[in-house]
Amino acid sequence: MTNTDSVLEGNRLSLSRLLTQVENDSREGRAALTELFPHTGRAHLIGVTGAPGTGKSSLVNQLTLYYRKQQNKKIAIIAVDPSSPFTGGAVLGDRVRMRDLSGDNGVFIRSMASRGSVGGLAQTTASLAQVFDAAGYDIIIIETVGAGQSEVDIARLAHTTVVVEAPGLGDEIQAIKAGILEIADILVVNKADRPGVENTERALRSTLELAHPTKRIFRHHGQTLTVNVPEVNATLWIPPINKTISTDGTGIPELAGSIEKHAAHLHQSGDWAARDRTRLGSEMEALLREALMSRFLEGVHKKKYEDIIEKVHQRGLSPYEAVQYLLNGK
Amino acid sequence: MTEKKIRVLVAKPGLDGHDRGAKVVARALRDAGMEVIYTGLRQTPEMIAEAALQEDVDVVGLSILSGAHMALAPRILELLKANGQENVHVFIGGIIPDEDMPRLREMGITGIYGPGASTEDIIKDVREAVK
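Conventions adopted
- Residues numbered from 1 in each chain as written.
- Chains lettered and ligands numbered in written order.
- Predicted model: local features only at pLDDT ≥ 70, side-chain atom pairs only at ≥ 80, totals over all residues.
- pLDDT = per-residue confidence, 0-100.
- Helix = DSSP H or I, 4+ residues; strand = E, 2+ residues; numbered from the N terminus.
- Expected span 1.5 Å × (residues − 1).
- Buried ≥ 20, exposed ≤ 12 C-beta atoms within 10 Å, placed from the backbone.
- Core = buried A, V, L, I, M, F, W, Y, C linked by C-beta atoms within 7 Å.
- Contact = placed C-beta atoms within 7 Å.
- Pairing = 2+ DSSP bridges.
- Axes fitted to C-alpha atoms, helices over the stretch in contact; angles between N-to-C directions.

**Q** Got a sec to walk through the confidence of the model for chain B? Specific residues and values, please.
**A** Of the residues in chain B, 98% reach a pLDDT of 70 or more, and the chain-wide mean stands at 94. Confidence metrics for the complex model read pTM 0.89 and ipTM 0.93.

As structure tokens, this is what we get:
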């Protein structure tokens with residue numbers, strides 16, 4: 001029996017070893033991905049992102065407990081933490097918050113170091129998700145590196161992106177900047193037992209209203225005014241705001257409900273297929289770029305390449321000229 | 001292709017709550033370029049073996065200061081073996097009396113480190129074992 005067969009049959013050791021090969025982008029890993037590819041495309045990929053310390057890992061823990069108890073779904077978790085830019089080492093600590101999940105064969109947690117990627121995921125996170133998908137996991141939860149404002153790769157990978165906020169992390173201006181809030185399909189205000197939760201929720205809500213205006217009634221200088229806005233497109237998804245306390249599980253069933261609604265919306269509107277297509281397209285593009293680059297470099301003498309870099313360094317050539325020179329040979 | 005990273009699980013089995021040693025070692029291994037999966041306090045042998053399996057680690061580092069090493073270490077080795085991970089190297093740090101060391105090594109523990117052990121030695125031994 002080949003390794004991929006035993007992965008498809010649910011052997012956990014084979015699965016784990018294959019994940020390592022795929023993570024290391026080895027030849028065996030790539031071959032296995034090709035074999036597994038026809039079995040992918042079934043799982044619901046849920047991304048969980050947000051600033052460090054907002055409680056992403058604890059939330060993933062609670063959400064997984066809920067899915068296991070209420071829906072008996074098989075859950076894979078990919079938890080990404082940063083690699084050191086200096087040594088390449090990493091301490092991956094997300095499991096600390098997920099101890100409730102141990103002893104359950106329906107859950108598989110894999111920690112991953114970002115290994116130099118800066119978009120909040122590692123280079124091979126999408127491939128790991130494909131392996132779990134093929135191995136029959138119903139839901140794959142991908143927890144990103146503690147993200148700031150531009151770690152938005154997750155939105156390209158996941159079907160549903162959950163952005164986790166916590167009280168006291170910023171005002172409305174933070175909320176209207178481009179980036180992480182824009183990618184949210186669902187917003188979570190975690191640590192909802194902390195003071196300031198109303199302010200955070202209000203800031204998020206008013207941000208959403210800037211993007212998705214609906215009919216509103218408000219009081220202005222003592223007069224009640226009603227403002228009608230154009231009919232909201234029925235296929236438009238407006239991100240709900242869920243309040244949770246991930247230390248005790250408050251709000252988790254409601255969050256799971258929002259996620260389910262979003263999945264239904266994606267299927268209904270055709271976005272599920274569209275997202276899948278975009279994601280596979282960009283994956284293919286990245287592979288193509290890499291292959292073209294290595295094919296091109298095969299035809300260039302290393303010495304010549306180094307000489308050109310040196311010339312650029314000496315300010316004899318601009319980088320644009322250097323690239324032209326490499327491509328055209330003159 | 002990326003080079004193969006050494007993956008290490010650092011775990012604290014048993015009931016003592018002193019995790020400074022484990023954290024110092026985790027940090028040192030990180031600075032040596034390894035990927036360290038840290039699982040936190042009060043892990044059962046079953047939890048440790050399960051994490052080692054899911055993370056496909058090369059090395060498991062146990063921190064034990066409770067005196068229960070003669071019960072915990074063999075159980076963890078047994079579970080790793082049962083999962084097909086007999087090639088994972090197990091290291092122990094903590095308070096281990098001299099007279100227990102030969103028996104632990106016999107069981108298959110790769111390295112044992114007491115108070116004052118240098119992290120450089122640990123890094124060197126881990127690299128040597130995984131080679």
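**Q** Help me get a handle on helix H4 (residues 56-71) of chain A, residues and values and all.
**A** Residue and element names in this part refer to chain A. Under the 1.5 Å per step criterion, the end-to-end length of H4 is 21 Å for 16 residues, consistent within 8% with the ideal 22 Å. Inspection of H4 places Lys56, Ser57, Ser58, Leu59, Val60, Asn61, Gln62, Leu63, Thr64 and Tyr67 among the buried residues, and these make up the whole buried set. Asparagine 72, located one to two residues past H4, shows a positive phi value of around 50°.

**Q** Describe the nonpolar core, listing the residues and the values that go with them.
**A** With 110 residues, the main nonpolar core has Ile140 of chain A together with Val36 of chain B as its most contacted residues. Beyond its immediate sequence surroundings of up to four residues, valine 36 of chain B is in contact with Ala90, Val91 and Leu92 of chain A together with Val8, Val10, Ala26, Leu29 and Arg30 of chain B.

**Q** Describe the sheet that holds strand E10 (residues 241-243) of chain A, listing the residues and the values that go with them.
**A** Residue and element names in this part refer to chain A. The sheet built from seven strands is open, its strands ordered E4-E2-E5-E1-E6-E7-E10 with parallel pairing. Each of the sheet's edge strands pairs with one partner strand only, and the pair in question is strand E4 (107-113) and E10. Taking each pair of neighbouring strands and ignoring which way they run, the sheet shows an average axis angle of 20°. The pairing of strand E1 (residues 44-50) with strand E6 (residues 160-165) spans five bridges and is parallel. In the sheet register, glycine 50 faces E6, and the bridge partner there is valine 164.

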